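Architecture at a glance
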Amino acid sequence: MDPLPELATMNLTQVAQALAEKRLPPVDQWHPTHCGDSEMRIARDGTWFHRGSPIGREAMVRLFSSILRREVDGSYVLVTPGEKLDIQVDDAPFVAVEVKSEGDGCDRRLAFRLNTGDLVVAGADNALRFETGADGPHPTLHVRGGMEALVVRSVYYELAELAIQDSGVAGGPSAPIGLWSDGVYFAMSDA
């Protein structure tokens, strides 16, 4: 497998090119018979486990993540043309570990690198969502097929700083604090 992209060294044109070149298996078109449990789990921090032991090979995690699918009932499966296996996901199956911002205000674009090496640009098809849970902020980014990435705290703080810089850009000083990406405004809080 190719090495993980270095988001910090890429501009968003290069990110867009990398996204266009990425071809994922058509898991939404595969409907094999359910075969059982994969005995795998994705922890909240993005660590993949098999039978209780962490999967240490990054290439294996990247491969498995490419055949991950969310079912209509909210469960997750690993799917190939010939088999479908359950996988336990503690929170979100991906983790957004890095962000790159280009532009300002409503012209800003935010690109995220996930723990699996995938790149995602926040926008109409990949919404940022900010909720507050019992343990504090719970920001997520839609990745694909109903699957999300949990935004790590350090990246959340970067987003909050950008939102503070842009406060008032969304529609005046009474607008909820938030930030733009790819022409879409994502509120981080209520007004």
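Throughout what follows, the structure given in this document is the object of discussion. (Residues numbered from 1 in each chain as written. Predicted model: local features only at pLDDT ≥ 70, side-chain atom pairs only at ≥ 80, totals over all residues. Heavy atoms only, no water.)

Observations concerning helix 3 (residues 153-165)
- For helix 3, with 13 residues, the first-to-last C-alpha span of 18 Å sits near the 18 Å given by 1.5 Å per residue.
- If you check which residues of helix 3 are buried, you get Val 155, Tyr 156, Leu 159, Ala 160, Leu 162 and Ala 163. Seen along its axis, helix 3 keeps its buried residues to an arc of 160°; they face one direction. (Helix = DSSP H or I, 4+ residues; strand = E, 2+ residues; numbered from the N terminus. Expected span 1.5 Å × (residues − 1). Buried < 20%, exposed > 50% of the residue type's maximum accessible area, 1.4 Å probe, protein only. Arc of directions from axis to C-beta.)

Focus: the pattern of salt bridges
- Under the criterion given, the structure shown has 11 salt bridges.
- Between Asp 104 and Arg 108 there is a salt bridge, and its shortest N-O distance comes to 3.9 Å.
- The residue Arg 129 makes a salt bridge to Glu 131 at a minimum N-O spacing of 2.4 Å. (Salt bridge = Lys/Arg side-chain N within 4 Å of Asp/Glu carboxyl O.)

Focus on the side chain of Ser 38
- Considering the arrangement of structural elements, one finds Ser 38 in strand 1 (residues 34-42).
- Given a relative accessible area of 8%, Ser 38 falls into the buried group.
- At 3.1 Å, the side chain of Ser 38 and the backbone nitrogen of Met 40 are in polar contact.
- Separated by 2.6 Å, the side chain of Ser 38 and the backbone oxygen of Asp 86 make a polar contact.
- Ignoring sequence-local partners within four residues, the contact set of Ser 38 consists of His 50, Leu 78, Leu 85, Asp 86 and Ile 87. (Polar contact = N/O pair within 3.5 Å; in protein donor to acceptor, adjacent residues only side chain to side chain. Contact = heavy atoms within 4.5 Å.)

Here we look at the pairing of strand 1
- Where strand 1 and strand 6 (residues 84-89) come together, five bridges link them in parallel fashion. What sits directly across from Arg 41, in strand 6, is Gln 88.
- In this sheet, strand 2 (residues 48-50) lies alongside strand 1 in antiparallel orientation, the contact comprising three bridges. Counted as the bridge partner of Arg 41 is Phe 49 from strand 2.
- Counted between consecutive antiparallel strands, the loop separating strand 1 from strand 2 contains five residues, among which Gly 46 sits at a positive phi close to 90°. (Pairing = 2+ DSSP bridges.)

Details of the sheet that holds strand 6
- Spatial strand order, 3-2-1-6-5-4: six strands in an open sheet with mixed pairing. Only two strands of the sheet have a single partner each, and these edge strands are strand 3 (53-54) and strand 4 (68-70).

Digging into the nonpolar core
- If you look at the biggest cluster of nonpolar residues, it comprises 40 residues, and the most contacted ones within it are Trp 48, Leu 68, Leu 110, Phe 112, Leu 128 and Leu 159.
- Here this core takes six residues from helix 3, the largest share from any one element. (Core = buried A, V, L, I, M, F, W, Y, C linked by side-chain atoms within 4.5 Å.)

Some thoughts on the sheet that holds strand 7 (residues 94-102)
- Across the sheet, which stays open at both edges, the six strands sit in the order 9-8-7-12-11-10 with mixed pairing between neighbours. In this open sheet, the two strands that pair with only one neighbour each are strand 9 (119-121) and strand 10 (128-133). Taken pair by pair, the neighbouring strands of this sheet meet at an average axis angle of 40°, ignoring direction.
- Summarising the sheet, strand 7 and strand 8 (residues 109-114) pair through six bridges and their orientation is antiparallel. Its bridge partner being in strand 8, Ala 96 is matched across the sheet by Leu 114.
- Contacting strand 7, strand 8, strand 10, strand 11 (136-144) and strand 12 (147-151), helix 3 runs over the sheet at an angle of about 30° to strand 7. (Axes fitted to C-alpha atoms, helices over the stretch in contact; angles between N-to-C directions.)

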